[in-house]
Amino acid sequence: MLIFHDPQCADYGSPMRPEQPARVIRTAAHLRAARPAWEFRVPPPAASIADAALALVHTPAHLKRLAQPRDFDADTPFFDDIADHARRSVSSALAAARHALAHRTPVFSLMRPPGHHATAGQAMGFCYLNQIALAAVHAALDFPAAPAATAVSTPMRRVAVWDFDAHHGNGTEAILGSHATSSHLFFASVHQHPGYPGTGTRDLGPRIRNWPVAPHTPRAQHLAALRASLDAVLAFRPDLILVSAGFDAYARDPITSMTLERDDFATLGRWLAEARSTPSSPVIPSAAILEGGYSDDLPLLVEAFLSSWDNPV
Ligand SMILES: [Zn+2]
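All values derive from a computational prediction rather than experimental measurement. (Residues numbered from 1 in each chain as written. Predicted model: local features only at pLDDT ≥ 70, side-chain atom pairs only at ≥ 80, totals over all residues. Heavy atoms only, no water.)

J.: Tell me about the overall build of the protein, residues and numbers included.
T.: A tally of regular secondary structure across the protein gives nine helices and eight strands. Scaling as 2.2 N^0.38, a compact globule of 313 residues should have a C-alpha radius of gyration of about 20 Å, and the protein matches this with 17 Å. Projected onto its principal axes, the C-alpha coordinates of the protein cover approximately 45 × 45 × 40 Å. Residue burial in the protein is summarised as follows: out of 313 residues, 59% are buried. Intrachain contacts of the protein at a sequence separation of at least 6 include 74% that bridge at least 24 residues. (Helix = DSSP H or I, 4+ residues; strand = E, 2+ residues; numbered from the N terminus. Rg over C-alpha atoms; globule rule 2.2 N^0.38 Å. Buried < 20%, exposed > 50% of the residue type's maximum accessible area, 1.4 Å probe, protein only. Contact = heavy atoms within 4.5 Å.)

J.: Break down the pattern of salt bridges for me, citing the residues and quoting the values.
T.: With the rule as written, the count across this model stands at eleven salt bridges. Among the ionic pairs, Glu 39 bridges to Arg 41, the shortest N-O distance being 3.1 Å. Using a relative accessible area of 35% as the deciding quantity, one classes Arg 41 as partly exposed. Linking Glu 261 and Arg 252 is a salt bridge whose minimum nitrogen-to-oxygen distance equals 2.6 Å. (Salt bridge = Lys/Arg side-chain N within 4 Å of Asp/Glu carboxyl O.)

J.: Before we move on, could you go through the coordination of the zinc ion and cite the residues and values that matter?
T.: Donor atoms from the polypeptide that bind the zinc ion are Asp 165 (OD), His 167 (ND1) and Asp 248 (OD), placed at 2.0 Å. Counting the intervening residues between successive donors of the zinc ion yields the motif D-x1-H-x80-D. Highlighted residues: Asp 165 in the loop between strand 4 (159–163) and helix 6 (170–178) and Asp 248 in the loop between strand 7 (240–245) and helix 8 (262–273), separated in sequence by 83 residues. By relative accessible area, which is 0% here, Asp 165 ends up buried. (Donors = N, O, S within 2.8 Å, 3.2 Å for Na, K, Ca; no water.)

J.: Got a sec to walk through unusual backbone geometry? Specific residues and values, please.
T.: A cis amide bond links His 193 to the next residue, Pro 194, at an omega of 0°. Mapped onto the fold, Pro 194 is located in the loop between strand 5 (185–192) and strand 6 (208–213). Backbone torsion omega between Tyr 196 and Pro 197 reads 0°, so that peptide bond is classified as cis. Following the sequence through the fold, Pro 197 ends up in the loop between strand 5 and strand 6. Despite not being glycine, Arg 104 shows a phi value in the positive range, around 55°. Inspection of the secondary structure assignment puts Arg 104 in the loop between helix 4 (82–103) and strand 3 (107–109). We classify Arg 104 as partly exposed; its relative accessible area is 49%. In the Ramachandran plot, His 216 falls in the positive-phi region, its phi being about 65° despite a non-glycine side chain. By the secondary structure assignment, His 216 is in the loop between strand 6 and helix 7 (219–235). Judged by relative accessible area, His 216 falls into the exposed class, the value being 59%.

Next up, the structure:
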C-alpha cells in the first residue's frame, strides 16, 4: 500500500469545524504505527500544478477567486494559502492516479481539502478544487504535458469515479457529465438523501449514475446499493477506477445519519481488490482519494478499507 500524504495539508483550518486538521494528522499517525510496512510518499509540491492543468476542469474566474480573501460559503471559508492547499490535494490525486496505472497496486491520497463538491466555477462544502474530476480527466487524456482546455484531444482511456462518500459528489457529477471527454468518463455515487447538497436524486444519462439512500437505511441495504453502483462501474469497463473515499456514511459520523460499520468499509476495499470487468479479465487499476469522514474513528475506518484492499481475505 502506497499513501501519498503531505503533512502541510494540516496547516490550515480549525478544530471548531468538522473538516479539521486532526482528521489527517490522527489518520497518518495511526496508519504509520499500525501498518509500518505501508509506504508514505510526499506528492509533488503545489507549484508543480500549473493553472493550465487546473483549467482542464475549472474556470479561469474560479482560479482567480481562490486567491481572494473572502469566504466562499458558510462551510467553505477562505483560509490563507487555500489555493496552494487545494493544489497539493490535486497534485496528490494526480500522483495516485498515475501510480495506479503504472503499478496496478493499491494507492491512497491522504490529503485535505476534499474536492468532490467543488464545481467548475465554485468552491463549496469544504471543497475548493475538484481533484478527483481533475485526476479523471487528466488520466483520460494520458496526463497531457501542456493541457489546453480549449483544445482537448481525443481521450485515450476510460475512467470511472466511484463515490461512496455519504454526500453526493455534485461537483464531480457536473464536471464529468459536461466535459469534452465525457464519453470516456463514468460517475457513480451512493449518498444520503435527503442530505447535503441535495442533488443526486436520479441518473443523468447512462454514464452519470446515482443511488440516493434514505437516512437510517439498514446497513445491508446501503451495502447493496454500493455493490450495485460498483457493478455499474465495472460494466463501463473502465481502464482506471478513481474512488472518492469518504468515511462519513459511518454509523457514528457526527454530520450524517447513515449506518455503515467499520467492517463495511473493509468490504468496499475487498471489492476494489477484486474489481474486474469480466471474471477472466485482470483487476482494474484503482486509486482512492480521501473525501469526507468526521468521526473520531476515521483512522480505523481508513485502515479497514485500505488493509482489505491491500490484502483481501
Ligand atoms: Zn461527505
